[in-house]
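Residues per chain are reported as follows:
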Amino acid sequence: MNFEVIIIGSGFSGLTCAHYLKEQGVENICLLEKNTSLGGVWSHGGVGSYPGAACDVQSYTYLPFLDETGFIPSKRYVNQTEIADYAELLADHFDIRRHIKFSHEVSKLEYCDEGYWIIEALKNEDSKKVKFHANHVVCANGPLSSPRMPELGGMDEFKGESFHTAKWNKDIDITGKNVGIIGTGASAAQVITSIADEVETLTVFQRTPTWAIEREDQPTPPDIVEAFKQGGYSSKLRYVDWKKEFPPDPNLPFTFEQLHDQEWNSQVCKLLSERIKKDVNDAEIAELLTPDYPFFCKRVLIIDDYFTTYNKENVFLVHDDGGVREITKNGLKVASGKEYELEVIIYATGFDAGLIPFEVIGKNKTSLSAKFGASKDNNYQMINPETLWGLHVREMPNFYMMVGPQSLNPVTNVTLLCEEQGKYIANLVSQMKIEGNSIVEPSESAVKEWTDRCNDSSEGKIWLQCNNWYMKGTKDDEKAGRKKSKAMWMESYESYLEYLIGEKGGSKKELLEFS
């Protein structure tokens, strides 16, 4: 099967890219989706379908194309089901569904010298291997698609039920059971606040506390409903003034510069610490729930009722700097040596955000994993990516990564990035056809300059002041002696667009090699 463009994944990045390609008249496209539904991380039955799953960015700015579809979110922070349903609506609205092959999990990409890619995939229903050919390949599989299991002994010996939040076992009834949850990140917090009243006991195993701010969630109010009906409201909210044509938005909770200002950040931490003391009845528990690192050094929880959940009589916090060390037949053991008996263990241990989930072989048999420094020793994390704008890779012609390394900072609204990268890819493919070019890859000097710029961008940023998944530097990684990653663009999103759209640093014709 031959296609002009194959897109791997049908989350918002894949759907956005497909829409813009079709808008440019590129119809010979195919989206390969490993699941049976759309939405990527949010898909029905996908990695984000655990209890309490919801977006922590306001739905009015997170969901793309609301003006085009006429869809009005039900509330400020919509849940996973509504997001998944919206992805399905989006595919139908833009006539994308007919281009999608569901239950096709990509296992390998290999570039042929003749100027096309061979894509191997497994059909989930019968495990048959199928091959596709494409002139262009877009990796839109997303950074949050591969669950990260903890590196603990004894996990197979536990007599009770255990699973990762990303693989929530809906066949298991946790009602009235003694449940333990490992982790206090975003997924953990949403599960904790959702199941606390269902279970007999809920024991939260915390290694590092997390800053949290209230959503103040509410149904979409009448004035916003009316603004959506008038048209243009979503586009206004999602507009990014990268050209600096207007005064700063006074409604923003903070600016990018404030976040990295030590005095401002310290004041925010002080205010949030006082809120934790007010929310939590037990002063000792409140202290344990208070982080000792800057605001947003780790991902901040945007959630209601997180700290007050620890006031419930059946909810217990176990804080151990060494974390959980071993799973036993009847529960687990923490670093202090104390053992806890449990009937259900939930692993809320996040994702391998820097993982390359399939083999990619470019020109001259170049391996993308090897090129990006991924190996068995570092758990196959992309610790040294080298790209242009996080999109192009040298020796990988006509290969594009969406939401890839070196393209976003930790506070970027990811669907905004999807939109601009989708437009960029579609315009590039279309322009190449017009100009009679069939192959494109970045120049060696362009990749070096962008990589140097990305590495320099972390200087002075708060994200260097603690272990976090942004730098692929968790405590497990640190314990195993793994190097931290250099995979992020750590300046503002506006400054990223200055390069991608504004051609600061060079135009496409100067930085890309066409043939």
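Here's a quick rundown of the structure. (Residues numbered from 1 in each chain as written. Predicted model: local features only at pLDDT ≥ 70, side-chain atom pairs only at ≥ 80, totals over all residues. Heavy atoms only, no water.)

Overall, antiparallel pairing links the three strands, which are arranged β13-β14-β15 in an open sheet. The two strands at the open ends of the sheet, each matched to only one other strand, are β13 (324–327) and β15 (339–341). Sheet twist, expressed as the mean angle between neighbouring strand axes with direction ignored, is 25°. As paired elements, β13 and strand β14 (residues 331–334) share three bridges and run antiparallel to each other. Among the inter-strand pairings, E326 is bridged to a residue of β14, identified as K333. (Pairing = 2+ DSSP bridges. Helix = DSSP H or I, 4+ residues; strand = E, 2+ residues; numbered from the N terminus. Axes fitted to C-alpha atoms, helices over the stretch in contact; angles between N-to-C directions.)

Once that is clear, we can look at the pairing of strand β1 (residues 2–8). Within β1, six of the seven residues are buried, which leaves it mostly tucked inside the rest of the structure. Here β1 runs beside strand β6 (residues 128–139); their pairing, made up of six bridges, is parallel. Each residue of the ladder has a partner; that of I6, found in β6, is V137. One ladder, built from four bridges, connects β1 with strand β2 (residues 29–32); its direction is parallel. Counterpart to V5 in the pairing with β2 is I29. Handedness of the crossover joining β1 and β2 through helix α1 (residues 12–23) is recorded here as right-handed. (Buried < 20%, exposed > 50% of the residue type's maximum accessible area, 1.4 Å probe, protein only. Right-handed = clockwise from strand over helix to strand, strands pointing away.)

With respect to the helices and strands, H19 occurs in helix α1. By relative accessible area, H19 is classed as buried at 10%. Not counting chain neighbours up to four residues away, the residues in contact with H19 comprise F65, F94 and I96. (Contact = heavy atoms within 4.5 Å.)

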